[in-house]
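Below, each chain spelled out in residue letters.
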Amino acid sequence: MDLLIQSLVNGVIGSLILILIASGLCLIFGIMHIVNFAHGEFFMLGGFGAWFFFVKYPLPFIESDYLRFVFAVILSMVVVGFLGVIAEKYILRPFREDFQAAIIAATGLMLILQAGALVSFGATDKVISSPFSGMVSLGTISFSSERLAAIVCGVVFIISLSFFILKTKLGKAMRAVSQDQEAALLQGVNIDCIFSLSMAIGCALAAAGGALVGPIFYVNPYMGVEPIMKAFIVIILGGMGSLPGAIICGFIIGMTESFISTYVGAHFSMVVVFLLLIGVLLIKPTGLFGHAE
């Protein structure tokens with residue numbers, strides 16, 4: 001039972017981080033129809049942003065480590081979101097009408113960001129000392145406070161994203177653009193503005209994921225490679241462009257990986273995940289929540 005609960009906690013953390021990455025990736029594809037292969041690098045930049053603002057140059061006017069880390073995460077999201085807007089405007093936007101060229105441009109952006117991080121921060125792992133010291137006990141089960149903090153922050157970000165997309169005027173405009181760009185344009189929606197906003201939100205969500213895992217693991221220039229692969233599995237399984245599919249399948253993949261890693265072995269977890277993906281696509285090629293064009 002102790003092992004079961006521990007696997008459940010680890011699965012929830014992994015699922016939430018995966019959902020943050022996959023939701024941003026899904027948002028960008030659903031609205032812009034661009035497969036952003038550089039999305040994992042924005043996740044990596046979020047980790048470095050948290051390290052930069054919390055460890056390297058901490059905010060001097062904040063005394064509490066808890067608040068300092070929260071502000072570091074928020075600043076990291078803002079900076080990475082701004083970088084996402086620049087990347088969309090000057091690198092991806094010129095290839096908006098050419099799907100293959102956009103993929104090549106996104107791949108080039110991925111390599112540029114990796115090399116830039118390597119030159120700027122070095123190849124050695126960066127450690128973010130957790131401000132959330134201590135353990136949280138649930139009966140006989142104990143887990144670290146930073147894991148609980150990652151769960152809480154992940155839930156807050158996902159709920160905030162859902163509220164923004166469903167309830168706000170800008171969120172409705174984004175949904176309109178994802179459904180029919182020409183009709184949205186005729187209704188006075190600024191397509192370029194919506195594209196930039198989508199890129200900013202997507203990259204900020206990825207940065208939030210990288211910042212939250214920083215105190216749990218390490219930060220390095222290649223930390224986004226594995227998460228982006230899992231994020232692509234999530235959005236393909238859920239249906240390309242389906243935000244509910246990304247959230248639900250993020251939990252499915254995260255929980256599956258956690259329990260298989262615990263009871264069978266880490267090497268078999270991705271095998272099971274890919275078998276699950278293949279099985280679903282054989283039955284429903286558009287994914288669980290996708291629709292045929």
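Residue numbers here run from 1 along each chain, matching the order of that chain's written sequence. Note on the predicted model: pLDDT of at least 70 is required for a residue's local features to be given, and 80 or more for side-chain atom pairs to be given and counted; whole-chain, interface and lining totals, by contrast, use all residues. The side-chain numbers reported here are obtained from all heavy atoms of the structure, hydrogens and water having been left aside.

**Q** Go over empty space enclosed by the protein, please, and point to the residues and values.
**A** Here a cavity means grid points, on a 1 Å grid over the protein atoms only, where a 1.4 Å probe fits yet cannot get out; a pocket means an open set of points with protein on both sides within 12 Å along at least five of seven lines; lining residues are those with an atom within 4 Å of a point. Grid points are joined across faces, edges and corners, and a volume is the space filled by probe spheres set on the points. With the rule as written, the count across this model stands at one cavity of 30 Å³ or more. Secondary structure elements follow DSSP: runs of H or I no shorter than four residues count as helices, runs of E no shorter than two count as strands, and numbering proceeds from the N terminus. A per-element tally of the lining of the largest cavity places helix H5 (residues 145–167) first, with three residues. All amino acids are sorted into three groups, where Ala, Val, Leu, Ile, Met, Phe, Trp, Tyr, Cys and Pro are nonpolar, Asp, Glu, Lys and Arg are charged, and the leftover types, Gly among them, are polar. Classifying every residue of the lining of the largest cavity gives six nonpolar, no polar and one charged.

**Q** Requested: an account of the side chain of His 39, with residues and values cited.
**A** Among the structural elements, His 39 can be located in helix H2 (residues 39–56). Two N or O atoms count as a polar contact when they lie within 3.5 Å, although within protein this holds only if one can serve as hydrogen donor and the other as acceptor, and sequence-adjacent residues are included solely when both atoms are side-chain atoms. Of the polar contacts made by the side chain of His 39, one reaches the backbone oxygen of Ile 21; its length is 3.2 Å. Here His 39 is in contact with Ile 21, Gly 24, Leu 25, Ile 28, Gly 202, Cys 203, Ala 206 and Ile 228, once residues within four sequence places are set aside. The contact definition used throughout considers only heavy atoms, calling two residues in contact when any of these lie within 4.5 Å.

**Q** Account for the packing of aromatic side chains, with residues named and values stated.
**A** What counts as a ring pair is set by centres within 6.5 Å for rings of Phe, Tyr and Trp (its six-membered ring), and what kind of pair is set by the plane angle: stacked under 30 degrees, edge-to-face over 60, tilted for all other angles. Enumeration over the complete set of coordinates arrives at seven aromatic pairs. Ring plane angle 85 degrees and centroid distance 6.0 Å describe the contact between Trp 51 and Phe 121, whose orientation is recorded as edge-to-face. Here Trp 51, found in helix H2, pairs with Phe 121, found in helix H4 (residues 99–121); they are 70 residues apart in sequence, far enough to count as distant. An aromatic cluster of three or more residues is present, and its members are Phe 48, Trp 51 and Phe 121.

**Q** Please provide a residue-by-residue account of the layout of surface pockets, values included.
**A** Reported here for the largest pocket is a volume of approximately 880 Å³. Contributing to the lining of the largest pocket are 29 residues, with Gly 30, Met 240, Gly 241, Ser 242 and Leu 243 lying nearest its centre. Elements with a contribution of two residues or more to the lining of the largest pocket: helix H1 (2–32), H5, helix H6 (169–179) and helix H10 (243–263). Here the element with the most residues in the lining of the largest pocket is H1; it accounts for five residues. Counted as a void, the second largest pocket has a volume near 740 Å³. Taken together, 25 residues form the lining of the second largest pocket, with Gly 14, Phe 217, Glu 226, Lys 230 and Glu 257 sitting closest to its centre. For the lining of the second largest pocket, the secondary structure elements donating two or more residues are H1, helix H9 (225–238), H10 and helix H11 (266–283).

Read these as layout, nothing more, since geometry by itself doesn't imply function.
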